[in-house]
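In case you want the letters, here they are:
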Amino acid sequence: MCGIVGYIGTKNAKNILLNGLEKLEYRGYDSAGIALLGETLNITKVKGRIAALREKMEDEAFGTLGIGHTRWATHGVPSEENAHPHESASGRFTIVHNGVIENYQELKETYLQDVPFKSETDTEVIVQLMDKMSQTTQDTVTAFRQTIQLLQGSYAIGLLDNEDVDTLYVAKNKSPLLVGIGNGFNVIASDAMATLKETDQYVEIHDEEIVLLHKDSIVMMDVEGSVIEREPYTAELDMQDIEKGTYAHFMLKEIDEQPFVIRKIIQAYQNSDGQLEMSQDIRNTMQEADRIHIIASGTSYHAGLVGKQFIETLASIPVEVHIASEFAYHTPLLSENPLFIFISQSGETADARAVLTKVKKRGFNTITLTNVPGSTLSRESNHTLQLHAGPEIAVASTKAYTAQIAVLALLAVDTAREKGVQLDFDLLQELAIAASVIETLTEQKDKIEELAKTFLNTTRNAFFIGRGIDYYVCSEGALKLKEISYIQAEGFAGGELKHGTIALIEEDTPVIALATQKAVNHPIRSNVQEVVSRGAKALTISMEGMEQTGDALVLPAVHEILTPLISVVPLQLLAYYAALHRGCDVDKPRNLAKSVTVE
Ligand code: AGP
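A. Spotlight on the overall build of the chain. When helices and strands are tallied, the chain shows 18 helices and 25 strands. Rg of the C-alpha trace for the chain: 25 Å, near the compact-globule value of 25 Å for 599 residues, within the 12% margin. Oriented by its inertia axes, the alpha-carbon framework of the chain measures out at about 80 × 55 × 45 Å. For the chain, buried positions account for 60% of its 599 residues. Taking contacts inside the chain between residues at least 6 apart in sequence as the whole, the part at least 24 apart equals 71%. Accessible surface computed for the chain: about 23,300 Å², of which carbon and sulfur atoms make up 46%. Looking at the chain, you have 52 positive and 82 negative side-chain charges, and the mean spots of the two groups are 4 Å apart.

Right under this line is the structure:
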């Protein structure tokens with residue numbers, strides 16, 4: 001969701017900003033813009049893609065100081081007027097902003113009644129306030145601090161003063177933003193990926209901090225003006241991780257990376273004797289919990305449902321899984337020692353963060369499972385379990401989901417062992433087998449592509465059915481399909497269909513069934529018969545030992561608790577090929593953002 005890049009140095013910032021914004025495209029956006037400050041100020045904006053912005057930027061556009069932005073509309077429609085950067089009425093200040101200013105109406109009414117606004121955005125309030133504040137003080141830093149102190153809500157801000165070509169003004173609260181340190185230049189970015197080509201040295205900005213960037217120095221301070229010192233760190237990102245290479249889409253690359261991710265997780269969570277090991281802090285936290293609440297959204301929520309099954313079955317701790325946006329407003333009755341586990345690929349999801357803030361105030365223990373070390377949820381939780389999936393760029397989450405399942409399985413097994421439960425399998429070995437099985441599935445792309453063409457090329461809707469853990473994977477399969485192919489898709493518990501949804505089954509309605517669980521193989525097969533008798537086209541995916549004539553795919557067998565790692569792969573590939581053949585923008589589906597930083 002929204003991305004920011006900024007540069008101050010000696011080169012023309014234009015291409016650095018355009019390249020940076022391209023790297024942030026994955027976050028989801030609907031308009032973009034760049035401001036360059038040199039001898040003059042040059043602002044270019046477009047509704048649509050960065051490619052159009054690149055085309056529109058004049059050849060002579062030059063500035064050694066610049067800010068760029070991708071906008072995902074919240075306040076005001078996607079349009080050129082609402083795209084950032086925004087200028088103040090006097091034309092002196094120019095701003096890019098991510099986040100939501102919750103008190104923008106109040107600020108407008110209190111301070112800016114006489115100011116003509118050009119856009120419908122909450123952002124414009126900030127830049128107009130800068131104009132106001134600078135009328136009563138000569139000092140831009142003071143005006144900036146005064147403005148920031150008035151804001152309520154979330155913000156990552158890059159601001160230019162066209163009377164000062166030597167400073168980029170920066171502030172942050174709740175929205176992600178980093179400072180990148182270069183030799184003779186400095187940059188800001190929502191994500192290190194955007195500026196990795198320029199530098200691998202970064203400094204974190206914490207909430208309610210202000211930074212003044214000059215080409216040779218940075219000054220960090222709190223909103224009161226007290227200077228803060230913080231050491232830089234090296235971003236452990238490889239350019240290869242954030243490039244598509246020979247792949248047509250990031251989604252396909254990330255599906256193929258899943259075996260590698262699982263192997264990386266095995267390495268990360270084993271000790272020198274090759275035994276599963278978690279930190280003692282995490283172990284203690286799990287043992288103390290009398291009930292666990294998993295909080296997550298979208299794909300991460302679906303992983304949470306699988307995690308509940310693992311923890312309850314293996315470690316016998318009761319688990320509730322909550323949609324983050326619901327929990328924030330409808331808190332259930334809590335036990336004496338609840339533990340909150342947040343699952344978030346990005347670690348920035350605002351819905352989860354709202355819950356984290358709430359439960360922290362009550363002093364409860366928290367663990368975050370995330371793919372982004374140093375992300376907001378990771379920083380603000382008591383403990384973090386890393387997913388080690390590497391950057392996930394496609395909006396549709398694939399490798400992060402399998403990483404979440406693998407780490408949740410490890411957490412459940414470790415907790416069970418610590419409780420003295422004797423388990424008759426070695427999870428690390430079983431995960432290694434699962435990784436190899438995923439590899440064999442990713443080699444069956446042609447077959448799965450054919451199935452996608454036969455079942456999903458022209459349909460308006462599709463249903464996914466499964467029982468037990470298969471039902472949770474079906475929910476994930478349906479989400480994958482709907483978000484990138486725009487086919488209306490739903491996952492259902494097989495037995496629930498006849499209580500209503502079966503009314504929607506028509507001639508040739510695709511029904512994708514998962515049959516990987518021995519205990520429910522018979523009933524799910526009956527559910528398939530029920531829909532077939534009403535005209536549905538069934539595509540059944542089963543597992544060795546449970547296969548029947550007519551199954552479209554038979555997956556190699558893995559340990560029963562790890563079946564979600566395997567069964568989700570053909571569903572991811574079906575969604576990918578369905579979207580591809582329907583001409584959809586696979587990596588950047590409409591209306592969606594990768595990192596959902598607004599509630
Ligand atoms: C998955 O494909 C999604 N695009 C989306 O549902 C995502 O899982 C959700 O927004 C949660 O994101 P997070 O894991 O970064 O918190």
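From this point on, the discussion continues.
B. Geometry of the packing of helix 9 (residues 298–315) against helix 16 (residues 469–485). Relative orientation of the contacting elements helix 9 and helix 16 amounts to 175°, with a least axis distance of 9 Å. Classified by the angle between their axes, helix 9 and helix 16 sit roughly antiparallel to one another. Contacts from Gly 298, Thr 299, His 302, Leu 305, Val 306, Gln 309 and Phe 310 in helix 9 reach Ile 469, Tyr 472, Ser 475, Glu 476, Leu 479 and Lys 480 in helix 16. The residue inventory of the contact of helix 9 with helix 16, partitioned by class, reads 6 nonpolar, 5 polar and 2 charged.

C. Focus on the site of the ligand. Within the structure, the ligand sits among 15 residues, and Ser 300, Ser 344, Ser 346, Thr 349 and Glu 483 are positioned closest to it. One of the backbone N or O atoms of Thr 299 is found 3.1 Å from an oxygen atom in the ligand. Gln 345 is positioned with one of its backbone polar atoms (N or O) 2.7 Å from an oxygen atom of the ligand. Isolated, the ligand exposes 410 Å² of accessible area, and the fraction of that covered by the protein chains is 90%. When atom positions are compared with the pocket grids, the ligand is found to occupy the second largest pocket. Taken together, the elements giving at least two residues each to the shell around the ligand come down to helix 9 and helix 16.

D. Quick look at the environment of Leu 408. Looking at where Leu 408 falls in the secondary structure, it is placed in helix 13 (residues 399–418). By relative accessible area, which is 0% here, Leu 408 ends up buried. Spatially, the C-alpha atoms of Leu 408 and Arg 145 are 43 Å apart, while their sequence positions differ by 263 residues. When residues no more than four places from it in sequence are discounted, the contact partners of Leu 408 are Ala 303, Gly 304, Gly 307, Phe 310, Ile 343 and Leu 369.

E. Structural context of empty space enclosed by the protein. Here the structure, examined in full by the defined rule, presents 1 cavity of 30 Å³ or more. For the largest cavity, the lining is made up of 16 residues, of which Cys 2, Trp 72, Thr 74, His 97 and Gly 99 are closest to its centre. The set of elements that each furnish at least two residues to the lining of the largest cavity consists of strand 4 (65–71) and strand 6 (93–98). Taken together, the residues of the lining of the largest cavity sort by class into 4 nonpolar, 10 polar and 2 charged.

F. Highlighting the layout of surface pockets. Space inside the largest pocket adds up to approximately 1,200 Å³. What lines the largest pocket is a set of 45 residues, and nearest its centre among them are Leu 237, Asn 371, Val 372, Pro 373 and Pro 391. Counting residues per element, the lining of the largest pocket draws most heavily on helix 7 (residues 258–268), which supplies 3 residues. Approximately 610 Å³ is the volume found for the second largest pocket. Lining the second largest pocket are 25 residues, and of these Ser 297, Gly 298, Thr 299, Lys 594 and Val 596 sit closest to its centre. Where the lining of the second largest pocket is concerned, the elements lending two or more residues are helix 9, strand 18 (338–344), helix 11 (350–361) and helix 16. Residues of the lining of the second largest pocket, tallied by class, amount to 10 nonpolar, 10 polar and 5 charged.

Parameters at a glance
- Residues numbered from 1 in each chain as written.
- Predicted model: local features only at pLDDT ≥ 70, side-chain atom pairs only at ≥ 80, totals over all residues.
- Heavy atoms only, no water.
- Helix = DSSP H or I, 4+ residues; strand = E, 2+ residues; numbered from the N terminus.
- Rg over C-alpha atoms; globule rule 2.2 N^0.38 Å.
- Buried < 20%, exposed > 50% of the residue type's maximum accessible area, 1.4 Å probe, protein only.
- Contact = heavy atoms within 4.5 Å.
- Areas by Shrake-Rupley, 256 points an atom, 1.4 Å probe, with all protein chains shown as cover.
- Lys, Arg positive; Asp, Glu negative; His and termini not counted.
- Charge placed at Lys NZ, Arg CZ, Asp CG, Glu CD.
- Axes fitted to C-alpha atoms, helices over the stretch in contact; angles between N-to-C directions.
- Parallel < 35°, antiparallel > 145°, perpendicular 65-115°, else oblique.
- Nonpolar A, V, L, I, M, F, W, Y, C, P; charged D, E, K, R; others polar.
- Near = heavy atom within 4 Å.
- Polar contact = N/O pair within 3.5 Å; in protein donor to acceptor, adjacent residues only side chain to side chain.
- 1 Å grid on protein atoms, 1.4 Å probe; cavity = no way out; pocket = protein on both sides within 12 Å on 5 of 7 lines; lining within 4 Å.
- Sits in = over half its atoms within 2 Å of the grid points.
- Points joined across faces, edges and corners; volume = space filled by probe spheres on them.

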